[in-house]
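Residue-level structure breakdown
Here are the chains, one letter per residue:
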Amino acid sequence: MSPRRDARKARIALTVNGEERDVVFAGYKTLLEVLREDLGLTGTKHGCELGECGACAVLVDGQPVLSCLLLAVECAGADVTTVEGLARGPALSLLQAAFADKGAAQCGYCTPGILVTAQALLERKAHPTRAEIAEALSGNLCRCTGYLQIFEAVEEAARAEPHAQGPAAGRPHVRTEAGA
Amino acid sequence: MKVVGQARRRVDARAKVTGQTRFADDVVLPRMLYGKLLRSAHPHALIVEIAASAARAAPGVHLVLTGADFPTAYGIMPVSQDEHALCRGKVRYVGDPVAAVIAASEREAADALALIRVTYEPLATIASPEEALRTAEPRIQDYGEGPNLHRLAHFAFGDVEPALAGADQVFEDVFFYQGSTHLSLEQHATVAALDADGRLTLWSSTQTPHYLHRELARALDMPAHHIRVIATPNGGGFGGKSDPFNHEIVAAKAALVTGRPVKITLTREEVFYAHRGRHPVLMRLKTGVRQDGTIVAMDLETLLDGGAYGSYGPASTLYTGQLQTVTYHVPRYRFRACRAFTNKPPCGPKRGHGTPQPRFAQEVQLDKIAVALGRDPADLRLQQLAPANSVTANWLTIGSMGLKPCIERVVQGSAWRERRGQLPFGRGLGMACSSYLCGAGLPIYWNEMPHSGVQLQLDRSGRVTVFCGATEIGQGSDDVLAAIIAEVLGLETTDIKLVTGDTDLTPVDLGSYSSRVTLMMGNAAIQAAERAKAILSASAGQKLGLPAERVAFADRRVFDVENPSAGMAFQEAVVAAEVEHGTLGTTGSYRPPRSAARYRGGGVGPSVAYSYTAAVVEVEVDPATGWVRVSKVWIGHDIGRVINPVLARGQVEGGVYMGLGEALMEEQAFRRLPPRLSSALVHKIPSMLEYKSPTALEMPEVVTYFIEDPDPSGPFGAKEVGQGPLLPIAPAVANAVFDAVGVRVDQVPITPDLVLAALGAKAKGKSGRVGPEAFPAVPWPEALVVPPPWEGGNGKAINEPAKSRDALPTHHSGTAGVKV
């Protein structure tokens, strides 16, 4: 084997989907690459690597962040939520269920980034207007749906979600579909 | 019906919302290597030398490949086998791949690319079809129907000259439809690996695993049955993943050479170079009408900018005219088309494949005709719809035809009669209509086998497993397949286990293109399911003491249709049949009927059914800035039968969205660098930020009406919905801009600068029209003369050599003596 140039590895501890993770990775990697390649969480997608499409969005400390623009070494101690962290056990979250029922996911490639971005919106504002939803999702490109069924799914989740209860124990911002 | 027509969560929804859908780039295998392609920075140059020794010695590098490793040409169309996985001797556009590095990591592969030294001898470049027409040398390709002309076509379906001369009025316009790209969110990715038996498996984001399978076998010189192609769910396709791609063949070769899995994922910039998107098309359309606006003859010329390779070009060329006769009755029709080679990424099929461009021309011109003759554009259309169950001038057979109710619904919904021409300056309504294929009548390569196959396996557990080569690209083909089987067998879609898009495991389906899947796969699925139902009915009937005809299937039960409480669970019926027959399986397949078009070139255009669409678009135009905002869209689509209303509406809205992008902003545009920077022809905007596409903020409200007039050719009467709804959008926007501010923009995208230019010209007393001014002289060949049905024709050309083919010219081993 030829010697590896990227001998210096970085190591950080962070919380990913509610679990403490300790991860060693090539120091140049973005959070997106570490999630996909070093933590095996391939739900978050590459779309452009330039912060233009929103496919790589994840929540860092509750805020939507483009993980392709964030170096993983900057995420020490961070609380990261990816699409894999939205469901509770086998049950879909209300937002996931609404996306599934309303046709908000066609090819599904932009869906993980849109789901976490919409989740952050709903935590900030329990019953957003259509205009507020469009504004919040304006950095997430979708080429399949024309966005309208995505808007409807967010509205459906907002209707179903008793946000007034606020964060509860465990993963606070995720509630699941009834009976699932 | 219990399943068909009911709103349902699609069968793959759960995987998509949990991040579990495994796209090609999500495939990770032990010992996997990564490939990167070195792409030409020259638009046209001879490759003098490739010095790769430094790259071969670089850290982590396992393999460097060049064109020398790929002697065999390939290409999607048998008549245009003009691609090599890596260029041999010559590059033809900026982005053409010349070498590949396979390394332990993507980063090491990218670093090693920088160590490869390629010596080029630059050649003059061709930037446009007009330049191609003027430039005999140097040639981009060494084949074609003229120097730098890929294809030329000329059809005369009746003699248009006397008809035009006898028309009350003749309208002539030149239009331009800019090229655009698919911009699927998923960048193309592929993983190749040798399985434990030493055979090759390729996972890839492809819409056409069967054609990829064939071309891999050709390009790698391997028997096809030693190759397995698995089409991973595509993260959007829109036609952009329909060609066999160089990175797929490179990854496969690298896996064969290294014995290790190899992944290649394109960057976003590389996806712009892979392209195969909408052809830029210049069009001259001359239409003769009677005083009431009824068409008596149409004469269309199209000039396509094909880019540097063939791709689907021979089909694209013909699609710029062949479907013009399916929407309105055209008694006589001349169609001439030319596809030129230019030093740009190859164009190919994008949603609507070749037809949105001439649709724009015709629908805008009809609007002009209506205005000139003082007719309502809706009435002008309604008075001359192509009749149902008729044959067109160019011998396409129309079945069901639901455009009239589509128009009526959008007219009513938009209050068209009350509001068109009545809104304040700056607001307007525009209308356009269209039609589209429900599957191409012929396969890409000539053969008489089925276009789609389905196999069912019924297990004593009560599980029904469906095997089909169809490819899920987001459109919902898996859900349609499950729904059709479930409907026939009285099950739920969640009871059906699906195995799709795998050339080792599934019978062939030709791919997700030409809006063919619902109709063709659906018909094959019905046949397989009906055969299973017949077996189960007989066995269950025996147990129930009933004739098979009295056995019904619903709610996961098999029962007496006259006494539903007498019956058994579906699973018990399977057990009864397995006792009687042994293990159970059935097959179904579908091949569309032979077309009436028997002339050379008549293989493009025929379809067993056509969908129809009408749209009204409302716009607000700011006369100070030229900004066009679309405020609402009403769209009626003749779908035959809705299989799942949630998905069908998503297809319509997605088509409207993509049409709005093309109407207002999307451009796959190029520019020449200044001479001090080599005069190279480069992509203006190979990034998602600079390639403008509509965001959530630009999307207007859309009101969708489905017209359900079941077509006897479709499964449960279903027709397509994936592509047709895009077609009327761009011309409806252009017509709405005219209604709003009184100017004509005869090209797309309709950008603010064009609107302002037209408004400025009008203010100075000029025409208030912007758009292309002229159509260049093209060396048209002699016309192929095909008399229309009403002039005594029989679908054949009267001046065609007797032995010429009745389909797209294809190379076809083993089919000598093809019927004419």
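Residues numbered from 1 in each chain as written. Chains lettered and ligands numbered in written order. Predicted model: local features only at pLDDT ≥ 70, side-chain atom pairs only at ≥ 80, totals over all residues. Heavy atoms only, no water.

**Considering the domain arrangement of chain B**
All names here are of chain B. For clarity, the threshold we go by: Segment limits for the domains were obtained from an automatic or database-derived domain assignment. Here, two residues are considered to be in contact whenever any of their heavy atoms come within 4.5 Å of each other. By buried area we mean how much accessible surface two parts lose on assembly, using a 1.4 Å probe and totalling the loss over both. Should a side-chain nitrogen of Lys or Arg be within 4 Å of a carboxyl oxygen of Asp or Glu, the pair is scored as a salt bridge. Counting of polar contacts relies on pairs of N or O atoms within 3.5 Å, with two restrictions inside protein: one atom must be capable of donating a hydrogen and the other of accepting it, and residues adjacent in sequence are counted only when both atoms are side-chain atoms. Comment: elements are numbered from the N terminus, with helices defined as DSSP H or I runs of at least four residues and strands as E runs of at least two. Following the grouping adopted for this structure description, the nonpolar residues are Ala, Val, Leu, Ile, Met, Phe, Trp, Tyr, Cys and Pro, the charged ones are Asp, Glu, Lys and Arg, and the polar ones are all others, Gly among them.
In terms of domains, chain B is made up of domain 1 (32-123 + 185-236 + 241-274), domain 2 (281-442 + 599-770) and domain 3 (449-590). Just the C-alpha atoms count here: the centres of domain 2 and domain 3 sit 39 Å apart. Counting residues at the interface gives 21 residues for domain 2 and 21 residues for domain 3. When domain 2 packs against domain 3, close to 1500 Å² is buried across both sides, 66% of that on carbon and sulfur atoms. The largest share of the area that domain 2 buries against domain 3 comes from Ile-643, Pro-715 and Phe-716, three residues that together contribute 33% of it. Here domain 2 and domain 3 share 0 salt bridges between them. At the junction of domain 2 with domain 3, the criterion picks out 7 residue pairs in polar contact (both at pLDDT 80 or more). Listed by contribution, the elements that provide at least two residues to the side of domain 2 that touches domain 3 are strand S18 (427-437) and helix H17 (645-664). Of the residues belonging to the side of domain 2 that touches domain 3, the class tally is 12 nonpolar, 8 polar and 1 charged.

**What to know about the domain arrangement of chain A**
Residue and element names in this part refer to chain A. According to the domain assignment, chain A consists of domain 1 (9-84) and domain 2 (94-165). For domain 1 versus domain 2, the distance between C-alpha centres works out to 21 Å. The partner domain 2 presents 11 residues to the 15 residues of domain 1 that form the contact. Between domain 1 and domain 2, roughly 1000 Å² of surface is buried when both sides are summed, and carbon and sulfur atoms account for 64% of that area. Viewed at the interface, domain 2 and domain 1 are joined by 0 salt bridges. For the pair domain 1 and domain 2, the interface holds 3 residue pairs in polar contact (both at pLDDT 80 or more). By residue number, the principal contributor to the side of domain 1 that touches domain 2 is strand S3 (residues 57-60), which donates 3 residues. Class assignment for the residues of the side of domain 1 that touches domain 2 results in 7 nonpolar, 6 polar and 2 charged.

**Regarding the nonpolar core**
Under the convention used in this document: Only buried residues count toward a nonpolar core, which is a set of Ala, Val, Leu, Ile, Met, Phe, Trp, Tyr and Cys residues joined through side-chain atoms within 4.5 Å. Buried, partly exposed and exposed residues are distinguished by accessible area as a fraction of the type maximum, computed with a 1.4 Å probe on protein chains only: under 20%, between the cut-offs, and over 50%, respectively.
One finds Phe99(A), Leu403(B), Ile407(B), Tyr599(B), Val619(B), Val656(B) and Val733(B) to be the most contacted residues of the largest nonpolar core, which totals 166 residues. Here this core takes 9 residues from helix H18 (residues 729-741) of chain B, the largest share from any one element. Not counting the four nearest positions on each side in its chain, Phe99(A) is found in contact with Ala104(A), Ala105(A), Thr111(A), Ile114(A), Leu115(A), Ile150(A), Ala153(A), Val154(A) and Val17(B). Judged by nonpolar contacts, the second largest core, of 48 residues, contains Val454(B), Ile526(B), Val551(B) and Ile643(B).

**A closer look at the environment of Gln542(B)**
Within the fold, Gln542(B) resides in helix H15 (residues 517-544). Gln542(B) sits 35 residues away from Ala577(B) along the chain, and the two C-alpha atoms are 9.9 Å apart.

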